[in-house]
Every structure is written in C-alpha cells, then in structure tokens.
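Chains, contacts and geometry: an overview
Residue-level listing of the chains:
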Amino acid sequence: MTRWIAFWNILVKDMRAYYLKPPNISWGIIFPLAWTGMFFIRTGSGLESVLTLLPGVMTISVLFGTTSMLAVTITFEKRSRSFERLLLAPISLELLMLAKTSGAILFGVVNAFVPVVIAAFLTDLSGITWTLVVPAILLIGIVSTFLGLFIAVSVSEIFEAQTFSNFFRFPMIFLCGLFFPITALPVFLLPLSYILPVTYGVDILHGAVNGEHILSFALDFLILGAFCIGLFLLSLRNIKRKWIL
Amino acid sequence: MKPDNSPVIEVSHLTKHFGEVLAVNDISFNVKEGELFGFLGPNGAGKTTTINILTGLARLDSGMINIGGIDCTRNPKAAQHLIGVVPDESNLYPELTGFENLCFCAALYGIRKNERQTRARELLETFSLTEAADRKFAGYSKGMKRKLTIAAGIIHKPPILFLDEPTTGIDVASARQVRQITANLHRAGTTVFLTTHYIEEAERLCERIAFIVNGSIIKTDTVTNLLQPVQGKHVMLLSVSNGGLKLCEDLNPAFPSYCFENAQGQIRIESAAPVNIAPIVRFLEERGIEVTEARRYLPSLEDVFIQVTGIEAGLMRKEKEKAGGGGNL
C-alpha cells in the first residue's frame, strides 16, 4: 500500500505539474489538426482519406507527446536536483520509473484519441477494430515513453534532450510507415524500419483501421512488447550506472 | 525513539573514487542513537559524497555501511525508510506550493492523505511558514526555501536525519532558526548527522565531531575532548600601529614565558598562565609602537581544527564569506 501511495502521488504530481498545462493541452489538439490539414492540402484529397491518415496522425501524436515531455521533465528534475527526492524515497527504482513514465504514457494515449474524436465528426469510424487500436496505442505510448526515458538518461541538459529526441522522432515519421507503407521505401532503408519499434505499432493500426498490414498482429504485439521491456530495462540499467554514481 | 547510545550509523573503511579523484579515503566512524554528530571540513573535503553514499544517492567503491541495524553496503535503498535527508541545495518542486511540496514528500513515504495534510500544516506552523503555505516554492526567499526543505526532510518523522550544510547561503535570522530547529530535533531524540564548514555551528550544536579533510577523517571526538588542549591556554590579541607586527621576533626572546605570533594583523600572545600585558605595552611603546586595543581571546574549536588539520583559518573564513551570512551565530 505504501508503495502505491507513492506511485499514485508521483503520477498525479507529474500530471498536474507538467502534462495538464495549457500549452500541452493546446499542443495535443493543434498538432494532429495541423498534420491532418497539411496532408489534405498537399494531396488534395477529401474526407474519404481521413481513415488512411488516421493511424499516422494518431501515432505521431503519441510519439511527439510522450518523448518530448518525458525527456524534458526528467532532465529538468535531474538538473534542479528534485529528482533526488524520488531516488531517496523508500520505493524500488523500477516502481519509481514506472510512476514517472505513467504520466507520459497517459498523456500520449489521450493525445492519440484527439484525432480520433475529430475524425468521428468527419467520417464513419464503425469499421475500425477498436480491440486492436486501443492496445496498440497503449503499447506505442509505452514504447515512445520508454524511448523518451532512454533519451533523458542519456543527456544532462534540456536542449540535449530536445535535440536527441528529434534525432529519433523525425526519421521515424518517414521510416515507420506512418503516412506511406514501408514497402514503398528503398530496400536499403527497410532494415532501419524494422529496428524501430513504432513500425510494428503503426502496422497494427493500419490493419485495425484500413485492414492493411504487413506482419501478423500477434507478431507485431510481441515485438512491440519486447521493445517496451527492453527499453525499460536498458533505461533502468543506465539510471543505476549514470545517476547513482 | 529512545536513545540508548548504540550506534545507528556504522561506517567502516568507506572509500569512493570519481574517476582518478579519491573523494572519500578509507573513512570509519559511527553515530550513536540520538546523537548529534558533526562532519566538519572545508568545501570539497568529501562531506556531501559521504552523505550521498550513506543515503543511497551514490555507490561506494569499498567498505561497509550499516544504518539502523540494516546492512546497506549492497542495497543502499534498504534503510531509506529510516532516514530523512536535507540536501545542501533546496531541491523541492518550484511549481508546487509549500503545502503541496510537503504533502508530496510525505506521500513518497506512503503516508495517507489526512495524516500528511495534518503533518504538513504542523510543520508549516513550526517553521513559521503558514502564511506562505499556498505560495509556490519558486517564489520563496532562500531562507524560506531552506526551512521548507528541512520540513520536507522530517515530514515522515525519520529517526535518523542527514543535514547537509543546512545554514549555507541563508540570512542570519533564518540560520539561527534552522539551528534552533536542529537542536530541537536532537532533543526530541532524532539522530542527526550534520555536515558543515561552519566551525562555530558544529561547536555549538554537535556532541561529537569528525574533522574531514581531502576525503580522510583526521580526528573524531566529543566537542569537550576536542577543546581540551586549547582550554587551559590564555590568549591575548593586541592591535598595534604600523610596524608593530614585525616585532614578534623581538618579543619572543624578551618575554620567554609567552609565545608571540602575527595573527591576521594583530599580535597574538599565548601563555599557560594569565598574560600580564603592562610590560609588553611598555616594551612596544619604547619602540614607538602604539597599542590601540588589547582583548582576551577564548580559544575555540577553530583553533583545534587549525591545529589538527593544518588548514589555515583564513581559508575557512573565506568559505564562510563566500557562502553568505549563515555562519554568523
């Protein structure tokens, strides 16, 4: 019980202090709108393309929401030394980092459903397999957050966190099949696509929304889950090595 | 916790390197239950590194640590429920209010909502911060920040408290209040591990003190025992007009029962017996030197520290000045 009081309060504190701030809420709404608008203008397509765009816009909302916020907030707390308070708390490092990342995961998942709500006013969403979409979004949120955590542990300055996260995020937009299938990529870029976790999440979303997917859902979920566990363990190892000197 | 004089912190042969730098060099000490133990040394001596290792914020290279009967050598988190830590920098959350900060820190120790709110209000009252309870921490003055950081360190009523340079950089009034709070906590039975580079602060508050210099403990003893070698001495300080300071070489053979030396612009006279100042003043006046002031000097822990560590008093004083007014008692 003691541990869960700590867990819950870290999560609530982060949500209040960082995620539920007006700039982040407006970001969550404006960002997917801007991307959708840009594609409509660029392709000249109509509302029938909303479903084609939806998986990419959802993924990009999660990816940018989670990685940027977590990497910056953790780096900020590390620099101001308030993170030491958490390290001094009598809870395990695993639980502590789960508490710190849960806020970002929730923020990412909520961000992902902003374009869904907007799309619901524009097109018919009844054909979407929500039982696949919801866990896929959750896993994309988790893997993106842990990627943000990995970035946060690797840097010491906030600007480094922003630079480093862009280094991962922007290539992912093109390499993970968000807005065009990875089969359209040059062959030499395909290995890069397959080592990026988001590729598997996007594949599930395309399958659940449009019925087009490359790998089996089971394999996608399995690989995505493995990335989540791997990135979390790697980050924990780095925290122990770099932050507890 | 009722003090029973058994050690609650035991450190044995603790060593820590940061790369090539030896930060803590094979130190051993123990702190008894209910004791106020001081760790005194200049900046960079290894005080904060030692606290960080003891509290689980840094790893040791070798040695053994036991806190509250728990072996923390391999698992530094094992005894974290027993300790409270006040770091050398006020590191609460700037975006939270004073009240929210305290409640959050209590929650980290698993304290339930009603209890943590009651405790937070009590501490805000104790630390004279009630009026600032709903203000954001970012808007607090340095002294207020320090007090709230101490309150956050004791919100879970830890039996052992680590205070790292608690009065550095704050105003005199706040420093006094912080010292009073520290003394009260000690009186209430809390074991306090205090690091400081303010010698007077250590002398006034601590029961036992360890002198740490360059990562090594030079001496550990009770304040009474540490002061013993200097307590029987009689010291006078003479302020003289220009040229007088050069006369120490002449004064020593003229008055062989006294020891004369220059001490920061004054002539320091040390003797085992009370100093008879009249012949010395005459001696100086015959040489055209005017004595402008003579005062008795009571030897303090600073003299012991200088004697034992070989560190110049000036260095410690400079650190005090750099740190701000907190050192003024």
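Note: the structure precedes this text.
These notes cover the structure that comes with them. Numbers given for residues are sequential positions, taken from 1 along each chain in its written order. All chains are assigned letters beginning at A, and all ligands numbers beginning at 1, according to the order in which they are written. Given that this is a predicted model, residues contribute local features only at a pLDDT of at least 70 and side-chain atom pairs are listed and counted only at 80 or more, while totals for whole chains, interfaces and linings are drawn from all residues.

All names here are of chain B. With antiparallel pairing, 4 strands are arranged side by side in an open sheet as β12-β13-β11-β14. Among the strands making up the open sheet, the edge pair consists of β12 (259-263) and β14 (291-297). Strand-to-strand twist of the sheet, defined as the mean angle between neighbouring strand axes without regard to direction, takes the value 25 degrees. Two strands pair if DSSP finds at least two bridges between them. Numbering of helices and strands runs from the N terminus, with a helix taken as a DSSP run of H or I at least four residues long and a strand as a DSSP run of E at least two residues long. Note: strand β11 (residues 234-240) against strand β13 (residues 266-271), 5 bridges, orientation antiparallel. Simply put, an axis is a line fit to the C-alpha atoms, just over the touching stretch for a helix, and the angle between two N-to-C directions goes from 0 to 180 degrees.

So, about the interface of chain A and chain B. Counting residues at the interface gives 19 residues for chain A, matched by 24 residues for chain B. Of all the elements in the fold, those that place two or more residues in the side of chain A that touches chain B are α1 (2-19) and α4 (83-88) of chain A. For the side of chain A that touches chain B, the leading source of residues is α1(A), giving 7 residues. Following the grouping adopted for this structure description, the nonpolar residues are Ala, Val, Leu, Ile, Met, Phe, Trp, Tyr, Cys and Pro, the charged ones are Asp, Glu, Lys and Arg, and the polar ones are all others, Gly among them. Its residues assigned to classes, the side of chain A that touches chain B shows 10 nonpolar, 4 polar and 5 charged. Distance between backbone-placed C-beta atoms decides contact: two residues are in contact if it is within 7 Å.

Turning our eyes to something else, we now look at the environment of Ala79(B). Residues and elements named next belong to chain B. Within the fold, Ala79 resides in the loop between β5 (70-71) and β6 (83-86). Sequence separation of Ala79 and Val291 is 212 residues, and the distance between their C-alpha atoms is 60 Å. Among all residues touching Ala79, those that are not within four sequence positions of it are Ile67, Gly68, Ile70 and Cys72.

Once that is clear, we can look at the packing of helix α6 (residues 130-154) of chain A against helix α9 (residues 198-210) of chain A. Residues and elements named next belong to chain A. As a packed pair, α6 and α9 sit with axes 9 Å apart at the nearest point and diverge in direction by 165 degrees. Classified by the interaxial angle, the pair formed by α6 and α9 is roughly antiparallel. Remark: the crossing between α6 and α9 carries left-handed chirality. In this structure, α6 uses Leu132, Val133, Ala136, Leu139, Ile140 and Val143 to contact α9, whose residues at the interface are Val198, Gly201, Ile204, Leu205, Gly207 and Ala208. Residue composition of the contact of α6 with α9, by class: 10 nonpolar, 2 polar and no charged. Geometric relationships in this document are graded by angle, where less than 35 degrees denotes roughly parallel, more than 145 denotes roughly antiparallel, 65 to 115 denotes roughly perpendicular, and other angles denote oblique. Put simply, a crossing is left-handed when the front helix is turned counterclockwise from the back one by less than a right angle, and right-handed when it is turned clockwise.

Residue and element names in this part refer to chain B. Ordered in space as β2-β1-β4-β5, the 4 strands form an open sheet in which the pairing is antiparallel. Edge positions in the sheet fall to β2 (21-32) and β5, since each has one partner strand and no second. Pairing between strand β1 (residues 7-18) and strand β4 (residues 62-67): 5 bridges, direction antiparallel. Each bridged residue has a counterpart across the sheet, and for Ser12 the counterpart in β4 is Met64.

This part takes up the packing of helix α7 (residues 223-231) of chain B against helix α10 (residues 301-309) of chain B. Residues and elements named next belong to chain B. α10 packs onto α7 with a crossing angle of 80 degrees between their chain directions and a minimal axis gap of 9 Å. One element, α7, and the other, α10, form an angle in the roughly perpendicular class. Listed contacts from α10 to Val223, Leu226, Leu227, Pro229 and Val230 of α7 are Leu301, Asp303 and Val304. Of the residues that constitute the contact of α7 with α10, the class distribution is 7 nonpolar, no polar and 1 charged.

Turning next to the environment of Ile277(B). Residues and elements named next belong to chain B. Structurally, Ile277 is set in the loop between β13 and α9 (278-286). Ile277 gets classed as partly exposed once you count the C-beta atoms within 10 Å, which come to 14. Note: C-alpha distance between Ile277 and Leu238 (39 residues apart in sequence) is 9.4 Å. Each residue touching Ile277, except ones within four places of it in the same chain, is listed here: Met236 and Ala294. With C-beta atoms placed from the backbone, a residue counts as buried when 20 or more other C-beta atoms lie within 10 Å of its own, as exposed when 12 or fewer do, and as partly exposed for counts between those limits.

Attention shifts here to the pairing of β2(B). Residue and element names in this part refer to chain B. Sheet topology note: the β1/β2 ladder contains 8 bridges and is antiparallel. In the sheet register, His17 faces β2, and the bridge partner there is Leu22. The loop that links β1 with its antiparallel partner β2 comprises 2 residues; one of these, Gly19, has a positive phi angle of about 65 degrees.

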